[in-house]
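Below, each chain spelled out in residue letters.
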Amino acid sequence: MSRREQIEAMLKDEPQDTFLRYSLAMELRSEGDNEASISQLVEMTGDTPPYVPAFFMAAQQLVDLDRTDEARSMLRDGIEQARAQDDAHAAAEMADFLAMIGDLGE
């Protein structure tokens, strides 16, 4: 059984487990299935409360796929959510990444 299959099996028992869902997204990324990974991460950004690391990881993958405008939007939303959750460290990391990508894709 592959690592992804193991995670998926555990998710059947605990479908809302944030760690397992994030782990699945990372495993999908490592397998090269970026679209499925991003989809999983975007779903997590819609949780209540949104899972802040999902914004950053989705944005990184979007940049890798030359979808920079989408990445910028994801980062802006992530910064807002991080601040709302009093996570200054995550907000700063995303702000730094947003500044780093600058005018990419324009």
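Let me begin by describing the structure that accompanies this report. (Residues numbered from 1 in each chain as written. Predicted model: local features only at pLDDT ≥ 70, side-chain atom pairs only at ≥ 80, totals over all residues. Heavy atoms only, no water.)

### Brief notes about the nonpolar core
Turning to step 1, where the next piece is worked out: Grouped together as the largest cluster of nonpolar side chains are 24 residues, with contacts concentrated most on Leu41, Leu75, Met94 and Phe97.
Turning to step 2, where the next piece is worked out: Among the secondary structure elements, those contributing two or more residues to this core are α2 (18-30), α3 (34-45), α4 (52-64), α5 (68-84) and α6 (88-101).
Turning to step 3, where the next piece is worked out: Among the elements that line this core, the one with the most residues is α4, at nine residues. (Core = buried A, V, L, I, M, F, W, Y, C linked by side-chain atoms within 4.5 Å. Buried < 20%, exposed > 50% of the residue type's maximum accessible area, 1.4 Å probe, protein only. Helix = DSSP H or I, 4+ residues; strand = E, 2+ residues; numbered from the N terminus.)

### Quick look at the environment of Met1
Turning to step 1, where the next piece is worked out: Inspection of the secondary structure assignment puts Met1 in the segment before α1 (3-13).
Turning to step 2, where the next piece is worked out: Expressed as a C-alpha distance, the spacing of Met1 and Asp96, which sit 95 residues apart in the sequence, is 39 Å.

### Considering the side chain of Glu27
Turning to step 1, where the next piece is worked out: Within the element layout of this structure, Glu27 appears in helix α2.
Turning to step 2, where the next piece is worked out: With residues near it in sequence (within four places) discarded, Glu27 still touches Arg3, Arg4 and Ile7. (Contact = heavy atoms within 4.5 Å.)

Remember that the coordinates give geometry; whether it matters functionally is a separate question.
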